[in-house]
Structure formats: structure tokens, C-alpha cells
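The chain contents come next:
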Amino acid sequence: MKAGYYSFLLFILIIFSLGCFYHYPFLSDDSLISLRYAQRLIEGKGLTWNDGHPVEGYSNLLWVLLISFLGKLGMDLILAARILGIICSIGTLAVIFSYFETKNIKKQYVFLAVFLLVTTPCFTVWAIGGLEQPLYIFLLTLCLTEVSKIINDKNSGRLYFLGLWLGLLAITRPDGFLFTIITAAFLLFIFRKNKRKFIKIFFIVAVVPALFLLGQLIFRYSFYGELVPNTALVKVKVTLHHILRGGFYILKAFTGTVLLSALGLYGLFHLAYRKKNVFGFYLLLNVAAWTTYVVLIGGDIFPAFRHYYAVLIVLVFAVIFSLNDLQAGLKTKSLRTGFIILLIINPFIQLLIPANEYAIGERWEFRGLKLGNTLKNTFPETTLIAVTAAGCIPYASELPAIDMLGLNDYYTPRHPPENFGTGSLAHELGDARYVLGRNPDIIIYHMGVTPEFNIGEQMKMNPVFKNHYVKVLAKQSGDEHILYFNKYGKNTGIVKRENMLIIPGYLMSNVSNNESTFKNRRLLNHLQREKKYSISFQNPGSEKWEISKSQQRLISVSEISYSKNTITVEIIPEKEIFLETLELHRKYK
């Protein structure tokens, strides 16, 4: 690499490192879904999220496999995802520099475009965010350079590499095959009069990536019994509501990356419309196809415009090629000053964009990891949890789980509500009767809040939820979570042993205070002196019960009442205590 390019690459890597440090420790919850699949694959349980009917709740096969490989070598999976993301991001920069170094293009144009890219948080946020975007963009960048070499440099030997990159792109994300369709159709049209090249392009650029995709389809059908991933059933439904959301998402992404986007769109206009540049048409086709796709699926819910990343990398190429073509008009001092100002102000403008700040403020995943680890250490390994955040808590707890929003569940996305396609993207599904029918031990909304989303509204009206589950404010080292515990759950509920009933302390409720604390791998109810705590539960045998003598000395008042097949226990502690269990002994006449 030439000295000028090498020096600037080092400078860019410093800026990149600062950007990663600034956004650290951002980690997407969905990345932890992928890591749960990777962990179970390493453990020999296959690409599954749970035991039982397998579902494809990930949409990044190649990414999961690469992380699994690093995990198999002994690397922590979160660290592996970050390292892989950083390596792919640096690889993207290296590909751009190494390609344009060989071109008759002034290096300042390359420096300008790359600097604008690196100072756009989308680049650094997703380098450490744990999802597949860095790999996806790395492969897309390789594809763009190969097409440029084929068209601009007349090097048809690069077709073989292009077919490989497109194939890997197709199994990185399901929408990766879109670029195969665009690229193959474009090259076939360009070389339509050259029969030999036409056939070669068809087999290498169209058929080879299709074989990659076919291989994944065969695996998907044989292992999951489906032709489309579960993620598509949960997220994709083309409705006017989603189209409007998708259009607004693209508008926000454009304004949020306005310097690079505006300069890139002008570059596309110059190359395709004014100069009739063939490669410019290819870049324009990619931008048009990808933005149309994003609009149709309703945009995205993650910070820093994740789904706009593909557009940004295409615009980098458009900026470089168009500026090089316009170089005769860029010799004035005012224009040079203008570009320097762009370089300086872009990082500061990005700090004002809410979608970027979202990545700074989003740290709830680490609360979920901590809660998941606590649940793992407190309850048996067969404890069934139902969650709306399907990444952090299930990953850290390693407990069997129900994804109430359906991403990793077979039943839910195949039984959508009638208004599916009119709500919040990826948060519309949910069936309270189905979830409660599986009798989860613990129900957790987000990181421990009151019921939310469509599933939460259903739960509030469901008699089983209201009668079987106890709302508990569970505290641990400065944090607190609202958890819903099943009174009849196998691992969290009331246990009957011959002539004894063992009631977990956290099930005892107080009207104004129902606070429990995780302590020494137990969940203890913090009972206040002279306050009444009660629980009602089914008593089908109509047995009579009394509080064990060993615990009566801690209680100033106790009362056990019976109504049909229901028993109600009320206690008033004599002093402040941390209650692990309340024991009832059968009372004989």
C-alpha cells in the first residue's frame, strides 16, 4: 500500500477505534438470540433456541456459524461477536483502500468518502453491536469492487470471486440474495451481445450464489420443516402501515446521515444521469432496490440506521467515482475549504441525531444478562420462563423459554392476530392463551415491567394470568424487576409433600408492598413488621391446614380461611423478616 494510503488508513483506524469506544458497550438484544443458537450448537443441540420443535429464529446463518467456530475454540461468545464485527469493519476499509489505491483516482476523494463513512455512527455502532451487519457489508463491499473491476477494468476473471462473495452474502442474510438478482441481471444485460460471457456470467454470478441459497433451503426444510425463516413470518407483512413506516425510516436515515447521503446521491445523479456511467447505473440500481425492500418491510427498530448501512457503502463508491470525474471543478480554494469543513462537522452533527444517541443510552441488555444469570443461579434448570426480550435473559439464564413475541416460537407467528401488519414492527404478535397453556413458571415483560405490547394487553384480561400469577418486585444489587410468578408452576409454585404445603415466600402478597430480594441464590420476600401478607390458591381436596409451629413464633397474627375449593392464608409478621418459604402442615380433627 502506498505511503499516503497507509498513513490515512492508520488515521482512519484511530477514528474508528474512538467511535467504537464512544459507543461501547452497546450490544443488541437480537445478537444474543443468535448467540443462544451458537451456544446450543456448540453444546451439540443443533441450531436451536429451545428443546422441542426447532425454529429458525435467526436470520444470519453464516454469522452464527462463524461465532460458533470461535466459541468452539473457547472464546466467550459476546467477545467473539464483537471481535468478528471489528475485523469485518476493518476489512471493509481495507478493501476500499486497496482497490482505489490501484485506480487513477486522487487519494483525497477516497479519504473524504471513507472519513464520512467512519464518522457516521452506523459504522462503529454495528462493529460492536453483535449482529451480522459488518460481515454483510464486508461481503457487499467485495461484490462492489469485483463488479467495478469487471466493468471499469475489463477484468472478467473476477467473475469467480464475485460468485463466491455473492454466495456467502446470500447465506449471511436471507435478503442477501437480492444483490445476486441485481448483479446477475445487470451483468447479463451489459454483456447480452457476447454469448460466451453471457453464459459464463449466468453460471458463475447467478447459478453459484443460487446453489449457496439452495443449500440453506435444503437444510432449512430438512431441519426446521420450513422454506422461510421464522423471522420473516414475524416481521414481514407488506401493508400500507408498514410501507409508511419504511418510507419514514428511509427519510430519517437520509437526514440522519445527510452529509454522506446527499453527497452520495449527487454522485449517483452525476454518474448515471450526466455521464451515463455504466458502473454508476449499477450503484443506482443497488440503492433503488435496497431502499424499496426496506420500505416494503417497514424499516427497522434498531439504533443507528442498521438497514441503511448497505446504502451508505454504495454511496461511498458513488462519492469517490463522481468526485474523481468532477476533479477539474474542485480546484478552487472555496470548494477545498468546504470539504474540509464537511470532514470536521460530520462527527458533531452525528451527535445530534436521536437514532445515534439511542445506541448510547441503550444498556438494558446488560440488566437482562444480569437478571438471566441470577435466575440461572436461583431456580432449577427446568424452570420455564416466558419473555418478550428473547435475547439477553434466555441467553444468560440458559433456561427453557417461550418467546411471547414469536420470533423463536413455532406456534405464535402461524397464528397472527387479525390486525397483524398495523402495529409496531416485530412486536405485534402474541397469544396469551397459548403462552399460559404452556404453564410458564415466570413471565417477564422486557427487563421486568408491567404487561406491555399486544401480548401484555391480552394477559391483563386473561383470568388464568390474573388468578395464577403473582406480581413480585424482585431486587438485586441496586436493580429491580417486576416478575410474574406462577403459583402452580413446577419450579416456582406451591409444593405439596405428603402432609405439608411449602409456599415460596415471594408468593405472599401485600397490597402496598410486595418486595423480594435475590440473596445467596434464593429469592426472599422482605416482609415488613405489622403488615398483612396473603395468598389464595386451589385446595381441591378440602384439607385443613395450619402454619408450622416453627414459623408461628415469627407471626403475630395468622388466619387461614376456606371457600369452596380455595384456601386463603393471611399472616402479619411480628418483626421484619426475609421469608424463603411458608410451611403449612395438614390439620387433623
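Quick note: structure is the one above.
Here goes a summary of the coordinates provided. This is a predicted model, so every value here is computed, not measured.

1. Structural notes on the overall build of the protein
Tallying secondary structure elements over the protein gives 23 helices and 15 strands in all. By principal-axis analysis of the C-alpha atoms, the protein measures approximately 100 × 50 × 45 Å. Residues classed as buried in the protein amount to 56% of the 589 residues present. For the protein, long-range pairs separated by at least 24 residues make up 72% of all intrachain contacts whose partners lie at least 6 apart in sequence. Working note: accessible area of the protein is about 25,400 Å², and carbon and sulfur atoms make up 61% of it.

2. Things to note about the pairing of strand S13 (residues 566-573)
The buried fraction of S13 is high, at 6 of 8 residues. As paired strands, strand S10 (residues 533-538) and S13 are joined by 6 bridges and run antiparallel to one another. Looking at S13, one finds that Gln-538 is bridged to Thr-566. Here strand S12 (residues 555-563) pairs with S13 via 8 bridges, running antiparallel. Counted as the bridge partner of Ile-555 is Pro-573 from S13.

3. Focus on the sheet that holds S12
Taken in spatial order, the 3 strands line up as S10-S13-S12 in an open sheet, and their pairing is antiparallel. Pairing within the sheet leaves two strands with one partner each, and these edge strands are S10 and S12. The sheet shows a mean angle of 15° between the axes of neighbouring strands, direction not considered.

4. As for the packing of aromatic side chains
Across all of its chains, the model carries 36 aromatic pairs by this definition. Where Phe-465 meets Tyr-484, the ring centres are 5.2 Å apart and the plane angle is 45°; that geometry is what we call tilted. With Phe-465 in helix H22 (residues 463-468) and Tyr-484 in strand S5 (residues 479-486), the pair connects residues that are 19 residues apart, well separated along the chain. Through a chain of ring-to-ring contacts, the aromatic side chains of Tyr-99, Phe-100, Phe-186, Phe-279, Tyr-282, Phe-317 and Phe-321 assemble into a single cluster. A cation over an aromatic ring shows up here: Lys-544 above the ring of Tyr-562, its NZ or CZ 4.0 Å from the ring centre.

5. Considerations on the side chain of Thr-374
Within the fold, Thr-374 resides in helix H18 (residues 364-378). Residue Thr-374 is classed as buried on the basis of its relative accessible area of 13%. In terms of polar contacts, Thr-374 uses its side chain to reach the side chain of Gln-476, at 2.5 Å.

6. Quick notes on the sheet that holds strand S15 (residues 581-586)
One open sheet holds the 4 strands; their spatial order is S6-S7-S15-S11, and the pairing between them is antiparallel. In this open sheet, the two strands that pair with only one neighbour each are strand S6 (495-497) and strand S11 (545-547). Across the sheet, the mean angle separating the axes of adjacent strands is 30° when strand polarity is ignored. Sheet topology note: the S6/strand S7 (residues 500-504) ladder contains 3 bridges and is antiparallel. Paired with Lys-496 across the strands is Leu-501, a residue of S7.

7. Things to note about the nonpolar core
One recurring pattern in soluble globular proteins is that nonpolar side chains are buried together. By size, the foremost hydrophobic cluster in this structure holds 169 residues, and its most contacted members are Phe-100, Val-110 and Leu-187. Among the elements that line this core, the one with the most residues is helix H15 (residues 309-325), at 14 residues. Residues within four places of Phe-100 in sequence aside, it is in contact with Tyr-5, Ile-105, Val-110, Phe-317, Ile-320 and Phe-321. In terms of nonpolar packing, the next biggest core, distinct from the first, is built from 17 residues, Leu-384, Met-404, Leu-405 and Ile-443 among them.

The rules behind the values
- Residues numbered from 1 in each chain as written.
- Predicted model: local features only at pLDDT ≥ 70, side-chain atom pairs only at ≥ 80, totals over all residues.
- Heavy atoms only, no water.
- Helix = DSSP H or I, 4+ residues; strand = E, 2+ residues; numbered from the N terminus.
- Buried < 20%, exposed > 50% of the residue type's maximum accessible area, 1.4 Å probe, protein only.
- Contact = heavy atoms within 4.5 Å.
- Areas by Shrake-Rupley, 256 points an atom, 1.4 Å probe, with all protein chains shown as cover.
- Pairing = 2+ DSSP bridges.
- Axes fitted to C-alpha atoms, helices over the stretch in contact; angles between N-to-C directions.
- Phe/Tyr/Trp six-rings, centres within 6.5 Å; stacked < 30°, edge-to-face > 60°.
- Lys NZ or Arg CZ within 6 Å of the ring centre and 35° of its normal.
- Polar contact = N/O pair within 3.5 Å; in protein donor to acceptor, adjacent residues only side chain to side chain.
- Core = buried A, V, L, I, M, F, W, Y, C linked by side-chain atoms within 4.5 Å.

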